[in-house]
Amino acid sequence: MYNIDLKKLAARESEKVEWKENGDDKEIVKNIVKTISAFANDLANMGGGYVVCGAKEITDEFGFQKLRYTGLSAEKLKKIEGQVLQHCRDYVCPSIAPLVQIVDNPEDEATKILVFIIHASAAAHTYRNGATVNYYVRIGRATREARNGILSQLLTSKQAILPFDRRPNPNVNENDIDTFLFRDCINAMNLSRQVIRLEDYLSDTEQIAEFVPPLLVKKPLDGGLCLRNFALFLFGKKESISRYFPDIYTVVSIYNGVSRSEPTAERFMLNGSIIEQARRAIELLSIQANNTLFDKTSKKPNQQKYPLRAIQEAVVNAIVHRDYEKYEPIRITVFRNRIEIMSPGTLHWGVDKEKFLAGKASPKWRNQSFAYLFNKLNLAQAEGQGLDTIFRTMQAEGCPDPLLEVSEDNIICILPASDRYEEEIDANINTQDNTQDNTTVSTQDNTQVSTQDTVPDNTTEDTTDNTTDNTIDNTQVSTQDNKILLLLNSSELSTNEIKKLLYLKDKINVIKNYIQPAIRAGLIEMTIPDKPNSKYQKYRLTTKGKELKNKLIN
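The structure reproduced in this document is the subject of the present report. Quick caveat: nothing in here was measured; it's all calculated off a predicted structure.

**A look at the overall build of the chain**
Okay, step 1: Secondary structure summary: the chain contains 18 helices and 22 strands in total.
Okay, step 2: Within the chain, buried positions represent 44% of all 554 residues.
Okay, step 3: The long-range share in the chain, meaning contacts at least 24 apart out of those at least 6 apart in sequence, stands at 61%.
Okay, step 4: Summed over its atoms, the accessible surface of the chain is roughly 29,600 Å², and 47% of this surface lies on carbon and sulfur atoms.

**What about the pairing of strand β9 (residues 132-139)?**
Across a regular strand the side chains alternate sides, sitting on one face of the sheet and then on the other.
Okay, step 1: Pairing between strand β8 (residues 126-129) and β9: four bridges, direction antiparallel. Bridge pairing in β9 links Arg 128 to Val 133.
Okay, step 2: As consecutive antiparallel partners, β8 and β9 are separated by two residues, and within that stretch Gly 130 has a phi angle of approximately 70°, a positive value.
Okay, step 3: Where β9 meets strand β10 (residues 142-145), four bridges bridge the pair, whose relative direction is antiparallel. Following the sheet pairing, Arg 138 is matched in β10 by Thr 143.

**With respect to the sheet that holds strand β2 (residues 48-53)**
Okay, step 1: Read across the open sheet, the four strands follow the order β1-β2-β7-β6; overall the sheet is mixed. Strand pairing shows two members of the sheet lacking a second neighbour, β1 (17-20) and β6 (99-104), which therefore form its edges. On average, each strand axis in the sheet is tilted by 20° relative to the strand beside it, whichever way the strands run.
Okay, step 2: Bridge count between β6 and strand β7 (residues 112-119): six bridges; the pairing is antiparallel. Paired with Gln 101 across the two strands is Val 115, which belongs to β7.

**Re the environment of Phe 39**
Okay, step 1: Topologically, Phe 39 is positioned in helix α2 (residues 26-41).
Okay, step 2: A relative accessible area of 2% means that Phe 39 is categorised as buried.
Okay, step 3: C-alpha separation for the pair Phe 39 and Val 137, spaced 98 residues apart in sequence, amounts to 6.9 Å.
Okay, step 4: Each residue touching Phe 39, except ones within four places of it in the same chain, is listed here: Glu 15, Lys 16, Val 17, Glu 18, Gly 48, Gly 49, Tyr 50, Val 51, Ile 118, Ala 120 and Arg 138.

**A short note on the nonpolar core**
A general trend in soluble globular proteins is that nonpolar side chains are found buried together.
Okay, step 1: Among the nonpolar cores identified, the biggest contains 75 residues, and Phe 182, Ile 208, Phe 235, Leu 373 and Phe 374 are the most heavily contacted of them.
Okay, step 2: Beyond its immediate stretch of four places on either side in the chain, Phe 235 contacts Asp 176, Ile 177, Asp 178, Leu 181, Phe 182, Cys 185, Met 189, Ile 208, Leu 215, Ser 273, Ile 275 and Leu 373.
Okay, step 3: Cys 53, Leu 72, Phe 116 and Tyr 127 belong to the second largest nonpolar core, which has 22 residues in total.

**Observations concerning the sheet that holds strand β5 (residues 92-93)**
Okay, step 1: Strand order in the open sheet formed by four strands is β5-β8-β9-β10, with antiparallel pairing between adjacent strands. The sheet terminates laterally at β5 and β10, the two strands that pair on one side only.
Okay, step 2: Relative to β8, β5 is paired through two bridges, and the arrangement is antiparallel. Bridging from a neighbouring strand, Val 92 pairs with Tyr 127 of β8.

**A few points about α2**
Okay, step 1: Between the first and last C-alpha of α2 there are 23 Å, a value that for 16 residues agrees with the 22 Å anticipated at 1.5 Å per step.
Okay, step 2: When you tally the buried positions in α2, you get 12 out of 16 residues, the bulk of the element.
Okay, step 3: Taken together, the buried positions of α2 are Val 29, Lys 30, Ile 32, Val 33, Lys 34, Thr 35, Ile 36, Ser 37, Ala 38, Phe 39, Ala 40 and Asn 41.
Okay, step 4: Asp 42, located one to two residues past α2, shows a positive phi value of around 50°.

**Remarks on the packing of aromatic side chains**
Okay, step 1: This structure, assessed with the given rule, holds 12 aromatic pairs.
Okay, step 2: On the basis of an interplanar angle of 10° and a centroid distance of 6.1 Å, the ring pair of Phe 164 and Tyr 324 is categorised as stacked. Here Tyr 324 lies in the loop between α9 (308-320) and β17 (330-334) and Phe 164 lies in the loop between α4 (148-157) and α5 (179-188), a separation of 160 residues in the sequence.
Okay, step 3: Ring centres 6.5 Å apart and planes at 85° place the aromatic pair Phe 182 and Tyr 201 in the edge-to-face group. Here Phe 182, found in helix α5, pairs with Tyr 201, found in the loop between α5 and β11 (216-218); they are 19 residues apart in sequence, far enough to count as distant. The same class applies to Phe 182 and to Tyr 201, which are both buried.
Okay, step 4: Among the aromatic residues, those joined into a cluster by ring pairs are Phe 164, Phe 233, Phe 245, Tyr 324 and Phe 370.
Okay, step 5: The ring of Tyr 324 carries the charged tip of Arg 322 above its face, separated from the ring centre by 4.6 Å.
Okay, step 6: Of note, Arg 338 hangs over the ring of Phe 335, and the distance from its end group to the ring centre comes to 3.9 Å.

**Describing the pattern of salt bridges**
Okay, step 1: Taken as a whole, this structure holds 15 salt bridges when the rule is applied.
Okay, step 2: The salt bridge involving Glu 283 is made with Arg 280; its shortest N-O contact spans 3.1 Å. Taken together, the residues Glu 283 and Arg 280, both in helix α8 (residues 274-289) and three residues apart, mark about one turn of the helix.
Okay, step 3: Glu 283 sits in the partly exposed class, given a relative accessible area of 47%.
Okay, step 4: In this structure, the salt-bridge partner of Arg 309 is Glu 313, at a minimum N-O distance of 3.0 Å. You can see Arg 309 and its partner Glu 313 sitting in helix α9, four residues apart, about one turn around the helix.
Okay, step 5: Owing to a relative accessible area of 1%, Glu 313 belongs among the buried residues under this scheme.
Okay, step 6: Here the salt bridges share partners, and the residues they tie into one network are Glu 18, Lys 20 and Arg 138.

**Here we look at the pairing of strand β4 (residues 65-68)**
Okay, step 1: In terms of strand pairing, strand β3 (residues 56-59) meets β4 through four bridges, oriented antiparallel. For Glu 57, the partnering residue across the bridge sits in β4 and is Leu 67.
Okay, step 2: The hairpin turn running from β3 into β4, its antiparallel successor, is five residues long, and Gly 63 in that turn takes a positive phi close to 90°.

**What to know about the packing of α2 against helix α3 (residues 74-90)**
Okay, step 1: Interhelical geometry of α2 versus α3 gives an angle of 55° and a closest axis separation of 9 Å. Here α2 is positioned oblique relative to α3, judged by the angle of their axes. Viewed along their axes, α2 and α3 form a crossing whose handedness is right-handed. Of α3, the residues touching α2 (which contributes Val 29, Lys 30, Ile 32, Val 33 and Ile 36) are Gln 83, Val 84, His 87 and Cys 88.
Okay, step 2: Of the residues that constitute the contact of α2 with α3, the class distribution is six nonpolar, two polar and one charged.

Reading the values: the criteria
- Residues numbered from 1 in each chain as written.
- Predicted model: local features only at pLDDT ≥ 70, side-chain atom pairs only at ≥ 80, totals over all residues.
- Heavy atoms only, no water.
- Helix = DSSP H or I, 4+ residues; strand = E, 2+ residues; numbered from the N terminus.
- Buried < 20%, exposed > 50% of the residue type's maximum accessible area, 1.4 Å probe, protein only.
- Contact = heavy atoms within 4.5 Å.
- Areas by Shrake-Rupley, 256 points an atom, 1.4 Å probe, with all protein chains shown as cover.
- Pairing = 2+ DSSP bridges.
- Axes fitted to C-alpha atoms, helices over the stretch in contact; angles between N-to-C directions.
- Core = buried A, V, L, I, M, F, W, Y, C linked by side-chain atoms within 4.5 Å.
- Expected span 1.5 Å × (residues − 1).
- Phe/Tyr/Trp six-rings, centres within 6.5 Å; stacked < 30°, edge-to-face > 60°.
- Lys NZ or Arg CZ within 6 Å of the ring centre and 35° of its normal.
- Salt bridge = Lys/Arg side-chain N within 4 Å of Asp/Glu carboxyl O.
- Parallel < 35°, antiparallel > 145°, perpendicular 65-115°, else oblique.
- Left-handed = near helix turned anticlockwise from the far one by under 90°.
- Nonpolar A, V, L, I, M, F, W, Y, C, P; charged D, E, K, R; others polar.

Put into C-alpha cells, the structure is as follows:
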C-alpha cells in the first residue's frame, strides 16, 4: 500500500502524471493503457509514472493550470479498474500489471480517486490496437507513438537491439577493411602484440580493446562472418563506406566574411574512415587556431585565435556522438570571427539538456565504441570529458565561452574567436575608415574651393546660409543612423556597448553598418581621434548629430 498524496502528485513533473476525468469509455481506456505502456517503457528514465482517474486539469482565471477533482462513484471506479487491467493483460506485450490505489477525493467525500502506479520495466512494451502493434513513450506531458530515432533509442535502451556502432552489418566483411589504416591504428593504440597477429583481430573472437567487441560477428543463417558497424566506420575502405553509407562524410566550408551570404572561399569534402575525416578536419582547422595575435602590453603577448585543443574536441565530439542513422553529413563552417560545427541528431536520450548547454552534462555515449577507440588513438580526451575540455581551454586562452544549440535535427557547437582578434578587426576597420574619411574630406575641400571660385561675391553669403539650413532640414537619415542618434545622448559609448544596446551579435556588422556611416555623415565622432585603434575608443554625437536627434525627438 502506497501513501498517495494528491497535492504532491499535482506538483510533480507533468512527464510522470497523466490526469483523466473519467475512464468508462472504450477509447479513454485505450488511451489510459497506451499511457501505462509508455510509463513502463520509461524512455526519459523517470522511473515510471501515475495515471490518475477522477481529476482533470483546468485553468484558473489567470491562465494557470489547476486540478479539479471530479471523483468517481464506486460503480464507475470498479468498472474502470477492471477494464484497464484487462487491457493491460490482453493488449500489451509483455503484459503489464500496474498497482492500483484508491484515494479519498479532497473535494467530495461521496466519490473516490483511482490511481494506477506504473514502475519502469526492463522490457520494451508494445500495445496492440486491432491489426497494428506500436510502441508508446512519454514525451513531455504527452503519450506518443515511438517512431524512427525515438523507437531506436527505446529499443537500444531496453537492449532489444544493439547500439548502432556494435550492430552487425551483413553487407561487409574483412575484405572491406583498409589493412594499412588498420595496422597504423593498432600501432597507435599500442595494441600490437607478438602473441597476436594482425590477422587474428579480424575474427569474431579476438577483441582489440577490453570494452570493444570483436570486429566481426557470425551471421545467423549461414554462419559467415560480417563486420560490425564500428569496424567499417573506423577501419573500412573509403569505397566500402561510401557504397553502403553515402552520407557519412564531413563538409568543411571556409568563408572570408561573417555570414553564408558571402562567396565561399574554400570547400572540402572529407569522406572515408571517420578517423581520417577527423584527422583531416583538425588539420584544416589548425590553420585557424595557429593564427596568433601579438600584444606586447598584455600579460599574454601571444594569443591564439582559437585553442587547438577546443577545436579538436569539438570535431571529435561531432563525429563520435552523431546519429549515424540520420542521412546528413557533418558540416563545419569557418567564418572570420567563429567556427560552427554541426552534428546530425539531437541529444542522447539520457543527457540533461540544460546541463549540456552549460557544459556540465554527465557523459552518455550514443556510440561507445567510437568514443573509446578515439580516446585510445589520442584524438579525444578521456571519455566524457570532451565538453568540459572545450569550455576549459576556451576560457584558458581568453576566448568567449562556446555556444551550444540543440534542435530536434542537430547539435551545433560555436567557437567564437578571441576578443583580441575582434579588437584587431576594429583597428583595421577604423584605419580603413580614417583613410576613407581623409580622402572624402580632401575631395570635399577641393570641390568647395572650385565652387566658391565660380560664385559671384554678392551671392556667397546667402547661398551659404540657405545651404546650411537645407542640409539640416532635408538630410535623409537612415534607419541605422536613427538608432545611433537615439542611443547616444550626453554619454560616450564603446563599440561593444553600442552592439549590446542594438541587440546585435556581430561587432563587424555594428562597425561597418552603423558606426562608419554615422561618422562619414558627420553625426558622430571618435573620442580619441588621433588614436583610432585605441581599445579605449568611444563615440559621441557631433553638433550636427545633436541637432538631427532633437528634430527626430520633436
